Amino acid sequence: MTMPGPAVKVALFRAQDDAALSGARLRKLGFRAVWAPVIEIAPVRVEISRKLYDAVIASSPRAFAGGAIAEAASPLYVVGARTARAAEAVGWRPAAPPAPSASQLVEILRRDLPKGANVLYLAGRDRKPTLEAALSERCALEVVEVYAAEARLSWRTPEIRALASCDAALHYSPRSAALAVRLAGSSGLTQRFLELRHVCLSRDVAEPLRVIHAPCVVVAERPDEPALFAALRSAVAVFPSDGASRI
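Cut-offs applied
- Residues numbered from 1 in each chain as written.
- Predicted model: local features only at pLDDT ≥ 70, side-chain atom pairs only at ≥ 80, totals over all residues.
- Heavy atoms only, no water.
- Salt bridge = Lys/Arg side-chain N within 4 Å of Asp/Glu carboxyl O.
- Helix = DSSP H or I, 4+ residues; strand = E, 2+ residues; numbered from the N terminus.
- Buried < 20%, exposed > 50% of the residue type's maximum accessible area, 1.4 Å probe, protein only.
- Phe/Tyr/Trp six-rings, centres within 6.5 Å; stacked < 30°, edge-to-face > 60°.
- Contact = heavy atoms within 4.5 Å.
- Disulfide = S-S within 2.5 Å.
- Axes fitted to C-alpha atoms, helices over the stretch in contact; angles between N-to-C directions.
- Parallel < 35°, antiparallel > 145°, perpendicular 65-115°, else oblique.
- Left-handed = near helix turned anticlockwise from the far one by under 90°.
- Pairing = 2+ DSSP bridges.

A. Seen up close, the pattern of salt bridges. Enumeration over the complete set of coordinates arrives at 18 salt bridges. Arg-127 is the partner of Glu-145 in a salt bridge, and the nearest nitrogen-oxygen pair spans 3.0 Å. You can see Glu-145 sitting in strand E7 (residues 140-151) and its partner Arg-127 sitting in the loop between strand E6 (118-124) and helix H4 (130-135), a full 18 residues away along the chain. By relative accessible area, Glu-145 is classed as partly exposed at 29%. Accessibility expressed as a relative area gives 31% for Arg-127, which makes it partly exposed. Residues joined in a network through salt bridges with shared partners are Arg-125, Arg-127, Glu-132, Glu-145 and Glu-150.

B. Broad picture of the packing of aromatic side chains. Using the criterion set out here, one finds three aromatic pairs in the structure. Ring geometry for Phe-13 versus Trp-155: centroids 6.0 Å apart, planes at 20°, classification stacked. One end of the pair, Phe-13, is in the loop between strand E1 (9-12) and helix H1 (16-28); the other, Trp-155, is in the loop between E7 and helix H5 (157-164), with 142 residues separating them in the sequence. Three or more aromatic residues joined by ring pairs form one cluster here, namely Phe-13, Trp-155 and Phe-193.

C. Seen up close, unusual backbone geometry. Residue His-213 is not a glycine yet carries a positive backbone phi of 60°. The topology assignment puts His-213 in the loop between helix H8 (203-211) and strand E10 (217-220).

D. A look at the side chain of Ser-187. Within the fold, Ser-187 resides in the loop between helix H6 (174-186) and helix H7 (190-195). Ser-187 gets classed as buried once you look at its relative accessible area, which sits at 17%. Those residues in contact with Ser-187 that lie beyond four places of it in its chain are Trp-155 and Ile-160.

E. Structural detail: the state of the cysteines. Scanning the model with the defined rule gives zero disulfides in all. Unpaired in terms of disulfides, Cys-200 finds its nearest cysteine sulfur in Cys-216, a separation of 10 Å. Residue classification places Cys-200 among the buried positions, given a relative accessible area of 0%.

F. Seen up close, the packing of H6 against H8. Where H6 contacts H8, the axes come no closer than 8 Å and their chain directions differ by 15°. Of the possible angle classes, the one that applies to H6 and H8 is roughly parallel. Crossing of H6 over H8 shows right-handed handedness. From H6, Pro-174, Ala-177, Ala-178 and Val-181 reach across to H8, where they touch Asp-204, Val-205, Pro-208 and Leu-209.

G. Structural view of the pairing of E6. By the criterion of burial, E6 is predominantly enclosed, with six of the seven residues buried. Pairing between strand E4 (residues 55-58) and E6: four bridges, direction parallel. Bridge pairing links Val-56 to Leu-120 in E6. In terms of strand pairing, E6 meets E7 through seven bridges, oriented parallel. What sits directly across from Asn-118, in E7, is Ala-140.

So yeah, pure geometry; function would need other evidence.
What follows is the structure in structure tokens.
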């Protein structure tokens, strides 16, 4: 495997907690990660209809950023080990091992809960509809938005300077890519932003970059981080490259 030189800097536009994890993985591959988040995660004050539920579900550790919402005696089901650890930090004990995905969590709930069970979903304001679509007809599902990914209005001066020194950028979602385009424009970085090698998780993620005619955009073979990093390694070595596609 060809390793990048120590000067190769990669911009991450994810929220701070996700960027920290991705940045650590990038450093193991020999890259230097630069953080310029385009969103900030903020807890949302909520009210719920009861304190005890047949089940409480969550798919992100951010669901517990504001502390416990319902009684910890309610059985808790989560997606992902990070979500389980965040729940345990505020006094919850998951009723089952964390599910690897939302669809697998649905199967666990169908196994463990009777029809009509009262279920509280601790959700984010911007979310995929997987859990709601699968559970709304089977359960008495109460959805509360306990955190929001708010768009940042601007980057700070140190972030702008750091981004200007980058060689490449990773994009994980269409929304964050579009926000990065907007913030680059308001920060006076449009030309420098266009010069970056943009590596995207999927073609949908790449769409905001296609709109501004970014000349160097690659798409990972699969929509997961290992494939994204493989595309990045190829992109900084030679372009176009095996394992990525130019759009």
